[in-house]
Structures are given as structure tokens and as C-alpha cells.
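One-letter residues, chain by chain:
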Amino acid sequence: MAEDTGLIVPIGEWVLRTACRQNRMWQDEGLKHMTVSVNISMRQFKQRDFVSTVGRILEETGLEPKYLEVELTESVIMGDAEVTIKILRELKAMGIRLSIDDFGTGYSSLVYLKRMPIDMLKIDQSFVRDIVVDPNDAAITRATIQVARSLNIDVIAEGVETEEQLEMLNGLDCNKIQGYLFSRPLPPQEVMVFLKKGWRHVAGN
């Protein structure tokens, strides 16, 4: 509904500003500097002032561009590939990281992928969920990782919930993971506690 009515634009801007401000606060409070990822909707991305809005928010919050990652789904980036490439290059020139979310579920085009300045592909959890028992999911995940590696793009697997999934992904050389196996979503103060402990997941524990 927010997308259809256009409300996603001010909502998305608020989310982006809040995420950038929070990340800067974590940095100021002594946490190791890290990247915060923010999903961007198609309606937001198509705004003529999108790039300048991102730049203004970074300036307002004092967050260095390299600590922001903009996430876009395949349906967003393939909407008008040539315009998308131009916008992505402008964001990249600012120093912002770029990722494709839910990769493999939309309308991927390897022709355009090689031209886009993408830093990260996020393998959709629909492939991760049954990766241990479904050879097809394993094959698709393996192929995605190999394509990304050949293009010097990082890969992260979404929706990792079991030790078996983690072990399989490690075996496929997927070295970045997210999912409930590590943590459920947390409010900012709990994130600080979580990170200050220097928490690491050890397989089998």
C-alpha cells in the first residue's frame, strides 16, 4: 500500500536517515565501524532526486559513504537497466556500497550484471532453506557464488537457521551469512551489547 500510494518515499527517506544516524551513533560510542544496509524500494529509486537525497542524508548524519550499503531487488534494477546503471554509478562514485537483495528470484540479466558496479549479491533464503536436501537449490547457490566470484562480487546467504545450512554454505565458499542462527533482529541498545561482546558463532556450539 505504501508503494502504491507513494508513502514509501517519505517512509523510505526516514528509514535511510534513521539507519545512517544510528550507525554514526554506534561509531561515536566506540563500536567498530561497520556498514549498515538499507533496502530501497522501486518508487524511491525512481525519484529524480534520489541520489542527491542520499547525499544530503549522509551529510546531515555525518556518516561516511563507505559505511552505507544500498540494497536493491532485481525487479528494481531491471526496471530500466540503462537508467539504473547511471544511478548506481553515481552512488558508487560517492563511495556507497551496492547490493542486490533476494538474488535469483527476479529477472536477473548477467549482461547487465557485469556492467553494474555491484559489491554484493544476497542469495535469497528460498534457495538456502532446503540447500541441504535439495540438489537443485545447492546447484543454484553454487552457480551464483561462482558467477559472483568471477565478477569480483561478494556473496552473502540469507535466512541461515541451521548448522547444516551453515556447513553446506561454508563448503560452497560462501563466507558471509545472515539469519536466525546468529541472531534475530535486535533494538539498537541490544545490538551494542551483542557487538561489544565480540560475539562469534562457532559451529557445533
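As the structure is a prediction and not an experimental result, all values here were calculated from the model.

A separate point is the overall build of the chain. What the chain contains, in helices and strands, is 11 helices and 5 strands. Counting only C-alpha atoms and orienting by the principal axes, one finds that the chain spans roughly 45 × 45 × 35 Å. A total of 205 residues make up the chain; the buried ones form 41% of that total. By sequence separation, contacts in the chain at least 24 residues apart represent 66% of the contacts at least 6 residues apart.

Glancing now at the nonpolar core. Core analysis: the biggest nonpolar cluster contains 48 residues, and Leu-68 and Ile-118 have the highest contact counts within it. For this core, the element with the most residues is helix α4 (residues 50–61), which contributes 5 residues. Residues in contact with Ile-118, not counting those within four places in the same chain, are Leu-88, Leu-98, Ser-99, Ile-100, Leu-113 and Ile-153.

So, about α4. Counted at 1.5 Å a residue, the expected span for α4 with its 12 residues is 16 Å, and the 17 Å between its end C-alpha atoms agrees. By the burial criterion, the buried members of α4 are Phe-50, Val-51, Thr-53, Val-54, Ile-57, Leu-58 and Thr-61. All buried residues of α4 project into a common sector of 165° when viewed along the axis, lining one side. Where α4 terminates, the next one or two residues include Gly-62, which has phi positive at roughly 75°.

For the rest of this paragraph, the subject is the pairing of strand β4 (residues 120–123). What you see with β4 is no split at all: Met-120 and Lys-122 on one side and Leu-121 and Ile-123 on the other are buried throughout. With 3 bridges joining them, strand β3 (residues 97–103) and β4 adopt parallel strand pairing. Bridged to Phe-103 within β4 is Ile-123. Bridge count for β4 against strand β5 (residues 154–157) is 4 bridges, and the pairing is parallel. Within β5, the residue paired with Met-120 across the bridge is Asp-154.

Glancing now at the packing of aromatic side chains. Across all of its chains, the model carries 1 aromatic pair by this definition. The ring of Tyr-180 carries the charged tip of Arg-184 above its face, separated from the ring centre by 4.0 Å.

Let's shift gears to the sheet that holds strand β2 (residues 68–73). Pairing is parallel in the open sheet, where 5 strands are placed in the order β1-β2-β3-β4-β5. Lying at the two open borders of the sheet, with one neighbouring strand each, are β1 (36–39) and β5. Neighbouring strand axes in the sheet, compared pairwise and without regard to direction, differ in orientation by 25° on average.

Quick notes on the rules
Residues numbered from 1 in each chain as written. Predicted model: local features only at pLDDT ≥ 70, side-chain atom pairs only at ≥ 80, totals over all residues. Heavy atoms only, no water. Helix = DSSP H or I, 4+ residues; strand = E, 2+ residues; numbered from the N terminus. Buried < 20%, exposed > 50% of the residue type's maximum accessible area, 1.4 Å probe, protein only. Contact = heavy atoms within 4.5 Å. Core = buried A, V, L, I, M, F, W, Y, C linked by side-chain atoms within 4.5 Å. Expected span 1.5 Å × (residues − 1). Arc of directions from axis to C-beta. Pairing = 2+ DSSP bridges. Phe/Tyr/Trp six-rings, centres within 6.5 Å; stacked < 30°, edge-to-face > 60°. Lys NZ or Arg CZ within 6 Å of the ring centre and 35° of its normal. Axes fitted to C-alpha atoms, helices over the stretch in contact; angles between N-to-C directions.

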